[in-house]
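Understanding the architecture of this molecule
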Amino acid sequence: MTIPLFSYLPYGAAAAVPLQIKLGSRSGWYEDTADIQTVSNSEYIGEVVSQITYSKRAVSFQIPVHSDTLESAVRNICSLFRPSKNPGKLIYNGERYLSCYPSGTPKVTDVSETFAWVTVSLTAANPFWYDAATPTVYSSGQTITNNGDFDAEVTFTASASTVTLSVGGVTQATISSRSGYSINGLKFTIEDNRIAVLSG
């Protein structure tokens, strides 16, 4: 099966919808915007970075629509990208995805009776791309291998009082629940080309 170069998976949908995107129309895919805070330090000349905060990502692109039933085709695309508080996934080449939600109703520019451009604008509150090839649901005691070039989101789904994440044999995080409660649905991020172990 051929993997589409671009596709979009709306929140709660069973399958992603392939997209024909005008390559030259893309913006916001690779540009990261960060607020860098620095402080003076007597041990260094000048200042040192104390904190980096990344801003949400704004993505836009154009979709060419050719159809004898143009109104219906345009309406289907606009329906796919209607504003929602729940983010969908913009997927590139089946390799990585960006969790994002439509910023507003798509803009339609008619060119002829059978052709129109649809401009889509999306917002990613979390501006980072994640590996789409790595499974994202794990239970206690499993080893996670991320062979991709992007970080992978992992959700711990087993109930446990303590969850430990180890990378390369070194404990990265240990999270314990309050007395009488259990941990379930906890999210981790595994960096690209890393192997990690979840235990609980």
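A brief structural summary. (Residues numbered from 1 in each chain as written. Predicted model: local features only at pLDDT ≥ 70, side-chain atom pairs only at ≥ 80, totals over all residues. Heavy atoms only, no water.)

Notes on helix H1 (residues 70-80)
For H1, every residue scored as buried is listed here: Leu70, Ala73, Val74, Ile77, Cys78 and Leu80. Buried residues of H1 fall within an arc of 160° about the axis and therefore sit on the same side. In H1, the exposed positions that point more than 90 degrees away from the buried face belong to Glu71 and Asn76. The secondary structure elements touched by the buried residues of H1 are strand S1 (6-9), strand S2 (17-19), strand S5 (57-66), strand S8 (107-110) and strand S9 (115-124). (Buried < 20%, exposed > 50% of the residue type's maximum accessible area, 1.4 Å probe, protein only. Helix = DSSP H or I, 4+ residues; strand = E, 2+ residues; numbered from the N terminus. Arc of directions from axis to C-beta. Contact = heavy atoms within 4.5 Å.)

Regarding the side chain of Arg96
Turning to its location among the elements, Arg96 is positioned in strand S7 (residues 96-102). Salt bridges are absent for the buried Arg96, whose nearest opposite-charge side chain, Glu95, sits at 4.2 Å. Setting aside anything within four residues of it in sequence, one finds Arg96 in contact with Tyr30, Leu90, Ile91, Trp129, Tyr130, Asp131, Ala132 and Phe150. (Lys, Arg positive; Asp, Glu negative; His and termini not counted. Salt bridge = Lys/Arg side-chain N within 4 Å of Asp/Glu carboxyl O.)

Comments concerning the sheet that holds strand S16 (residues 186-190)
Sheet strands pair by backbone hydrogen bonding; their relative direction is either parallel or antiparallel. A sheet is described by the order of its strands in space; here three strands give the open sequence S11-S13-S16, paired in mixed fashion. In the strand order of this sheet, the two ends are held by strand S11 (137-138) and S16, each with one partner. The pairing of strand S13 (residues 152-156) with S16 spans five bridges and is classified as antiparallel. Among the inter-strand pairings, Ala152 is bridged to a residue of S16, identified as Ile190. (Pairing = 2+ DSSP bridges.)

Concerning the side chain of Thr164
Relative to the helices and strands, Thr164 resides in strand S14 (residues 162-167). Assessed through its relative accessible area of 15%, Thr164 is described here as buried. If sequence neighbours within four positions are ignored, Thr164 has contacts with Thr171, Ala173, Thr174, Val197, Leu198 and Ser199.

With respect to the packing of aromatic side chains
Going through the model one piece at a time under the given rule, you end up with ten aromatic pairs. Relative to Trp117, the ring of Phe115 lies with its centre 5.3 Å away and its plane at 75°, an arrangement referred to as edge-to-face. Phe115 gets classed as buried once you look at its relative accessible area, which sits at 13%. In this structure Trp117 comes out as partly exposed when scored by relative accessible area, which is 21%. Through a chain of ring-to-ring contacts, three or more aromatic side chains come together here, namely Phe6, Tyr8, Trp29, Phe61, Phe81, Tyr92 and Trp129. One residue, Arg26, lies across the ring of Trp29, its end atom 4.7 Å from the ring centre. (Phe/Tyr/Trp six-rings, centres within 6.5 Å; stacked < 30°, edge-to-face > 60°. Lys NZ or Arg CZ within 6 Å of the ring centre and 35° of its normal.)

What to know about the state of the cysteines
This model, assessed by the stated rule, comprises zero disulfides. Take Cys100: it sits in no disulfide, and the sulfur closest to it among the cysteines is that of Cys78, at 16 Å. Relative accessible area serves as the criterion here: at 1%, Cys100 is assigned to the buried category. (Disulfide = S-S within 2.5 Å.)

Description of unusual backbone geometry
A positive phi is found at Asn93, a non-glycine position, where the angle reads about 55°. Secondary-structure assignment places Asn93 in the loop between strand S6 (88-92) and S7. Take Asn93: its relative accessible area is 25%, and that puts it in the partly exposed class. The phi torsion at Asn193 lies on the positive side, around 55°, for a residue other than glycine. Summarising the element assignment, Asn193 is placed in the loop between S16 and strand S17 (194-199).

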